[in-house]
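Architecture at a glance
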Amino acid sequence: MADNKLTVSIIKADVGGFVGHSSVHPALLEKAGERLAKAKADGLVIDYRVGYVGDDTSLIMTHKNGVDAEPIHRFAWETFEEMTEVAREYAQYGAGQDLLVEAFSGNVRGMGPGVAEMDIEERPSEPIICFLADKTEPGAWNYPLFKMFGDPFNTAGLVIDPGMTTGFSFEIHDLINKRKLLLTLPEDYYSLLMFIGAPGRYVIKHVFRNSDNMITAVTSTQKLSLIAGRYVGKDDPVMIVRCQSGLPAVGEVLEPFSMPYMVAGWMRGSHHGPIMPTSFEDCHPSRFDGPPRVVAYGFQLAHGKLIGPRDMFEDIAFDGARRQCLEVADYIRRHGPFEPHRLGHDEMEYTTMPHLMEKFESKFEPSDD
Ligand code: F6R
Ligand code: MG
Ligand code: MG
């Protein structure tokens, strides 16, 4: 790879919760740190940070191996295996829960962990934000990505910055039929919303700048229930966004989270609830196993080194969103097991519900309506 070519990877998993599904025990984070320090000493990665939100650990890495690289994926898998051993020793809840297969084979995709990675040419100054979320699903990034890269009411640069006025393209993945579609803004504005407004099925995987095809954002799109063929909770996604100099500014990238929009997830991965942007300190969901959380790790890249993180949602300017989130949480919680708090029937198909309903199958009688 040329000097400024670089891969930024986040590989994440939940390999055991402390207490229940609320957070990660420090001993697990320590194990991840030890492994990453060795990988850095061995030259496998240039730099790293251990990120966390709720019961999920993110290995944030920079390296020269490219996306989907076997050595990086194998390293991440083995790190989660070693963390699982610690989780078992401490009898952590759901130890090894996201390691869905017995043995690693080439790439963690389809094996449980979530992955977001991109190959970039590091700019002279390269601000990036790594977003990590808990108690929700990959489609949770649709709303903020649209706001950042598509909505001039959010991103002033789409109107003001000549580097951005030609817009951005969005690669959407259909998670059910396993196919993808590239839509370009501003031309496909309405059509894009038709798809991404259904975040349980259509998720934005990549965003590119139209003027030069530069990759500007990537998300993890793994859906555990579709991999495992049974209910295994939600998928607690991650995302990497590049900022500034002809891209949305850091403040434009964070702005969508000033609205605690509704996501699917929360208790038992089966409820709608507002997502709350929090500081690193407040990222441990406990009320009704939620509400869903998002944290933002801000970095400046310096020749592959991760300078940071800055805790971007620590800013008191997000207090309003947090307050509103809690009000909405109170309101929607009062619906108990009723939709739209509980997920719609289609989505509950991927849970234990069909099994529970089976026992009434033989008791149904024809009705007149
Ligand atoms: C949601 C989540 C939790 C669990 C809940 C029940 O993604 O992880 O809300 O679904 O705590 O957990 P089990 O079934 O393990 O008792
Ligand atoms: Mg868990
Ligand atoms: Mg989680």
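Bear in mind that the values here come from a model prediction, so they are computed numbers and not experimental data.

**Details of the overall build of the protein**
Summing up its helical and strand segments, the protein has ten helices and 15 strands in all. Expected size for 369 residues packed as a compact globule is a radius of gyration near 21 Å; at 20 Å, the protein falls within 12% of this value. Projected onto the principal axes, the alpha-carbon positions of the protein cover approximately 70 × 50 × 40 Å. Residue burial in the protein is summarised as follows: out of 369 residues, 55% are buried. For the protein, restricting intrachain contacts to residue pairs at least 6 apart in sequence, the fraction spanning at least 24 positions comes to 69%. If you sum the accessible surface of the protein, you get close to 16500 Å²; carbon and sulfur atoms cover 54% of it. The positive charge centre, built from 36 side chains, and the negative charge centre, built from 53, are 1 Å apart in the protein.

**What about the pairing of strand β1 (residues 5-13)?**
Among the nine residues of β1, eight are classified as buried, and the element is accordingly described as predominantly covered. Inspection of the sheet shows β1 paired to strand β4 (residues 114-121) by eight bridges, in the antiparallel sense. The partner of K5 across the bridge, within β4, is E121. Pairing of β1 with strand β3 (residues 56-63), which is carried by seven bridges, proceeds in the antiparallel orientation. Considered in β3, the bridge of K12 is made with S58.

**Describing a negative patch on the surface**
Among the surface-exposed residues, E281, D282, E314 and D315 lie close enough to one another that they form a single negatively charged patch. Residue position: D282 is located in the loop between β13 (276-277) and β14 (293-302). Residue D282 is classed as partly exposed on the basis of its relative accessible area of 44%.

**Quick notes on the UniProt feature "binding site: Mg(2+) 3" (unreviewed entry) in the protein**
UniProt's entry tags K234, D235 and D236 with the feature "binding site: Mg(2+) 3" (unreviewed entry), counted in the numbering of this structure. Tracing the backbone shows D236 in the loop between α6 (224-228) and β10 (238-242). The residues contacting D236, other than those within four sequence positions of it, are K12, D55, D56, A133, D134, K135, T136 and E137. A polar side-chain atom of D236 sits 2.8 Å from the main-chain amide nitrogen of K135.

**Description of the UniProt feature "binding site: beta-D-fructose 1,6-bisphosphate" (unreviewed entry) in the protein**
When the UniProt feature table is mapped onto this chain, "binding site: beta-D-fructose 1,6-bisphosphate" (unreviewed entry) is found at H21, Y93, G106, N107, K135, Q244, S245, R268, D289 and Y350. What stands out for the annotated residues spanning 330 residues is how far apart their C-alpha atoms range, the widest pair being 44.1 Å apart. Take Q244: it is sitting in the loop between β10 and α7 (250-254). In this structure, R268 sits in the loop between β11 (262-265) and β12 (271-274).

**Description of the coordination of the magnesium ion (ligand 3)**
Donor atoms from the polypeptide that bind the magnesium ion (ligand 3) are D55 (OD), D56 (OD), D134 (OD) and D236 (OD), placed at 2.0 to 2.1 Å. A distance of 4.7 Å spans the gap from the magnesium ion (ligand 3) to the magnesium ion (ligand 2), which D55 bridges by coordinating each metal. Of this pair, D55 sits in the loop between β2 (47-53) and β3 while D134 is found in strand β5 (residues 126-134), placing the two residues 79 residues apart along the sequence. This pair shows no difference in class: D55 is buried, exactly as D134 is.

**Comments concerning the site of ligand 1**
In the vicinity of ligand 1, ten residues are found, and the nearest of them are H21, Y93, W266, R268 and D289. Between ligand 1 and D289, the relevant distance is 2.6 Å, taken from an oxygen atom to a side-chain nitrogen or oxygen of the residue. For ligand 1, the accessible surface in isolation is 410 Å², of which the surrounding protein chains cover 72%. Its residues placed into classes, the shell around ligand 1 shows four nonpolar, two polar and four charged.

**A closer look at helix α2 (residues 70-89)**
Since the α-helix turns once every 3.6 residues, residues separated by three or four places project in the same direction. Between its first and last C-alpha, α2 extends 29 Å over 20 residues, near the 28 Å set by a 1.5 Å rise per residue. A91, located one to two residues past α2, shows a positive phi value of around 45°.

**Some words on the sheet that holds β2**
Read across the open sheet, the four strands follow the order β2-β3-β1-β4; overall the sheet is antiparallel. Looking along the sheet, the strands with just one partner apiece sit at the ends: β2 and β4. Taken pair by pair, the neighbouring strands of this sheet meet at an average axis angle of 15°, ignoring direction. Most of the contacts of helix α1 (residues 26-41) go to β2, to which it runs at about 165°, and overall it touches β2 and β3. Sheet strands touched by α2: β1, β3 and β4. Its angle to β3, the strand with the most contacts, is close to 150°.

**Description of the coordination of the magnesium ion (ligand 2)**
Bound to the magnesium ion (ligand 2) on the protein side are D14 (OD), H21 (ND1) and D55 (OD), at distances that span 2.0 to 2.2 Å. D14 gets classed as buried once you look at its relative accessible area, which sits at 2%. What makes H21 partly exposed here is its relative accessible area of 27%.

Rules of the game
- Note that residues are indexed from 1 along each chain, following the sequence as it is written.
- Think of it this way: whatever chain is written first is A, whatever ligand is written first is 1, and the rest follow in order.
- Where local features are concerned, this predicted model is filtered to residues with pLDDT of at least 70; where side-chain atom pairs are given and counted, the filter is 80 or more; whole-chain, interface and lining totals use all residues.
- Values reported for side chains reflect all heavy atoms of the structure, with hydrogen atoms and water molecules removed beforehand.
- Here a helix means four or more residues in a row that DSSP labels H or I, a strand means two or more in a row labelled E, and each is numbered from the N terminus.
- Our radius of gyration is a C-alpha quantity, and the globule rule it is checked against amounts to 2.2 Å times the number of residues to the power 0.38.
- For every residue, the accessible area (1.4 Å probe, protein chains only) is compared with the maximum for its type, and the residue is labelled buried under 20%, exposed over 50%, or partly exposed between those bounds.
- The contact definition used throughout considers only heavy atoms, calling two residues in contact when any of these lie within 4.5 Å.
- Method for areas: the Shrake-Rupley scheme with a 1.4 Å probe, in which residue coverage is limited to the protein chains shown.
- Here Asp and Glu are counted as negative and Lys and Arg as positive; His is not counted, and neither are the chain ends.
- For this purpose, a charge sits on NZ of Lys, CZ of Arg, CG of Asp or CD of Glu.
- DSSP calls a pair of strands paired once it identifies at least 2 bridges connecting them.
- Patch membership is restricted to residues that have no salt bridge and whose relative accessible area is over 30%. Joining uses 9 Å for like charges and 5 Å for the nonpolar side chains Val, Leu, Ile, Met, Phe, Trp and Tyr.
- Take a side-chain nitrogen of Lys or Arg and a carboxyl oxygen of Asp or Glu: if they are within 4 Å of each other, that pair is a salt bridge.
- UniProt positions are given in the numbering used here, feature names are shortened, and annotations may be inferred rather than shown by experiment.
- Two N or O atoms form a polar contact when they lie within 3.5 Å of each other; inside protein one atom must be a possible hydrogen donor and the other a possible acceptor, and for residues adjacent in sequence the pair counts only when both atoms belong to side chains.
- Sodium, potassium and calcium take a 3.2 Å donor cutoff, other metals 2.8 Å, and in both cases only N, O and S atoms count; water is not among them, so sites may look incomplete.
- Near is defined per residue: the residue qualifies when any heavy atom it owns lies within 4 Å of the molecule or strand.
- Three classes are used: nonpolar for Ala, Val, Leu, Ile, Met, Phe, Trp, Tyr, Cys and Pro, charged for Asp, Glu, Lys and Arg, and polar for all others, with Gly counted as polar.
- In this scheme, a helix's expected span is set at 1.5 Å multiplied by one less than its residue total.
- Only the stretch in contact is used when fitting a helix axis, every axis being a line fitted to C-alpha atoms; angles between N-to-C directions are given from 0 to 180 degrees.

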